[in-house]
Amino acid sequence: MRRKPSIVLSSAALFLLPAGAGDALASGPRPAASAPSFMDGERRVAVERLGPAALGASGAALSPVRLRYPDGRTVEASVGATAIVKIEPGAEGELAGAGARVVRPLMPSIGLWLVTDTGGGDGLDLAERLQGAARPAFLREAIPDLHVRLAARGAPFTPDDPRLPGQWYFADLGMEEAWGRTQGDAATSIVVIDTGCDLDHPDLAAKMDPGLDVIDGDDDPTYKPGEDGANHGTACAGLIAADTDNGVGIAGGCPACRLRCVRLLDDEPQPISASVDAFEFALQVNAAIVSNSWGYAEPMPVPRVVEDAIGRLFDAGRDGKGALVLFAAGNDDREILDDEIQAARGVLNVGAVNHLEEETPFTNRGSSLDLVAPAGTLSTDIAGREGDSPDDYTSLFGGTSSACPVAAGVAGLLVSAAPERTASELYDILIRTARPAPFAFPDENGHDPIFGHGIIDPVAALREVLGDEPPPPPPPEEGGEDAGDDEQAGCACAAAGAPSGERRGLAIAALAAGVAAAVRRRRKAGARRDG
């Protein structure tokens, strides 16, 4: 089953029962002398309790813990009263007999439920006990509902040379030519999971459908003033589908597509059940695309239940054809391990390039990186001092956070043009039609750890699904209005106006090696785990 190599977990470790496991169904927390642990898929996670429970920002009691994974990674987290179980279909009525009380369904279509311990233990106690010697036959997984810090994939620095507005990244991708083929479809719904959005923004209000706040548990995904990065979700949404051809602000990558926002990120650690809730929402609203410019603040293996939720979206979303789930690669200048969320089956992992199509100094890399896209530096912003700019737009957005929604807009165009294609087929098309990155050194499979399979190419992808020939290129506008705007915008944007032929010429030698092998999309279409 392929994994991306994946977010996911597959370290086959033998679960060693802690002392007292024979009393597995005895209610109540484990004795302090026990060394707590739980199984996350095939991975045994040791847990060190760091102190007594204290009230968190939500008012719930949370106990600080340190997770220790078999490969030596450690992650700081908190454990509350709840655990997540995966059970056989229809077995929820049997949970009470195992000492678990159902709080609510999470993703019932794959058997995920949120539960508490009827004996008074916390989520770790319950997960450990359910996985013990008397493990119920109907139980597939049990994991504490860990509260972990999430981080928006923002830019690692703020330029000191602000530019005048200019969407050079769309010019670099030939988006005007792509829009000549399709401007998207209102039936194509794109969900942005992030910090929430400015629902009243002049370039977004007309594009928004109802969303969700999984933090506060209501249907208002408006960003919360005063939180770090409050503008992040608004900037992502603008790049994907800002209101276009309306005489206001900027254009969106998929002009006719619809948007929904989900608020998942804030200043506090969030339970992993919250991300499952976000993916379940995307499943229920039949989202075509799910854009995620976030990840775990401390690199960690993706919890199996989160991976399963993503897999469900990829397999069963969009009326069974599958949703395209995009994640930003991250900005830590490090290698992404094969068990992280960006590598999960069903995820299109997106890195960033600059205006010269060079490697950026921050983007993460690795075997799971699929494609790169130019960083969308100009986007919608929340007004006031909490935004990057004092008005409704910013030219300071960046990082892989901005590359991911640029790619999500392109994905929206592709789904709109070929709605009958499956998510797996569309991923293969995006990979196969990517143009070689000029500075990549692809291997025999056409993959480079920094540039993936190349730079996303909306024109080539649409040309394949529509079977049409490209329209004649527009005449050069030397010295025209656009050139002046680019010059004012600063050196980074001005270079983006260079003829694409000059930039692409450097990549001709890599084309033959990259394209054919790239078709074999290692992971997306197959089953994910190796056993």
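What comes next is a walk through the structure. The shown structure was predicted, so the numbers you read here are calculated from the model rather than taken from an experiment. (Residues numbered from 1 in each chain as written. Predicted model: local features only at pLDDT ≥ 70, side-chain atom pairs only at ≥ 80, totals over all residues. Heavy atoms only, no water.)

## What about the overall build of the protein?
Okay, so step 1: Scanning the protein for helices and strands turns up 13 helices and 22 strands.
Okay, so step 2: Counting the 531 residues in the protein, one finds 58% classified as buried.
Okay, so step 3: Of the contacts made within the protein by residues no fewer than 6 positions apart, 75% connect residues no fewer than 24 positions apart. (Helix = DSSP H or I, 4+ residues; strand = E, 2+ residues; numbered from the N terminus. Buried < 20%, exposed > 50% of the residue type's maximum accessible area, 1.4 Å probe, protein only. Contact = heavy atoms within 4.5 Å.)

## Looking at the state of the cysteines
The term disulfide refers to a covalent linkage connecting the sulfur atoms of a pair of cysteines.
Okay, so step 1: This structure, assessed with the given rule, holds two disulfides.
Okay, so step 2: In this model, Cys197 is linked to Cys261 through a disulfide, with the two sulfur atoms separated by 1.9 Å. On the S-S bond that ties Cys197 to Cys261, the torsion sits near -75°, and the link is left-handed. Remark: Cys261 occurs in strand E14 (residues 258–263) and Cys197 occurs in the loop between strand E12 (189–194) and strand E13 (212–213); sequence separation between them is 64 residues.
Okay, so step 3: If one numbers only the bonded cysteines of the protein, in the order they occur, the disulfide pattern is 1-4, 2-3.
Okay, so step 4: For the unlinked cysteine Cys236, the closest cysteine sulfur is that of Cys404, found at 7.2 Å.
Okay, so step 5: Residue classification places Cys404 among the buried residues on the basis of a relative accessible area of 0%. (Disulfide = S-S within 2.5 Å.)

## A short note on the packing of helix H7 (residues 399–417) against helix H9 (residues 458–466)
Okay, so step 1: Remark: H7 packs on H9, axes separated minimally by 10 Å, with the N-to-C direction vectors making an angle of 10°. Viewed along their axes, H7 and H9 adopt a mutual orientation that is roughly parallel. When H7 is examined against H9, the residues Val410, Leu413, Leu414 and Ala417 are found in contact with a partner set consisting of Pro458, Ala461, Leu462, Val465 and Leu466.
Okay, so step 2: Grouping the constituent residues of the contact of H7 with H9 by class yields nine nonpolar, no polar and no charged. (Axes fitted to C-alpha atoms, helices over the stretch in contact; angles between N-to-C directions. Parallel < 35°, antiparallel > 145°, perpendicular 65-115°, else oblique. Nonpolar A, V, L, I, M, F, W, Y, C, P; charged D, E, K, R; others polar.)

## With respect to the pairing of strand E5 (residues 74–79)
Okay, so step 1: Here six bridges tie strand E4 (residues 61–68) to E5, and the two strands are oriented antiparallel to one another. What sits directly across from Pro64, in E5, is Ser78.
Okay, so step 2: With antiparallel pairing between neighbouring strands as the criterion, E4 and E5 make up a hairpin whose turn holds five residues, including Gly72 at a positive phi of roughly 100°. (Pairing = 2+ DSSP bridges.)

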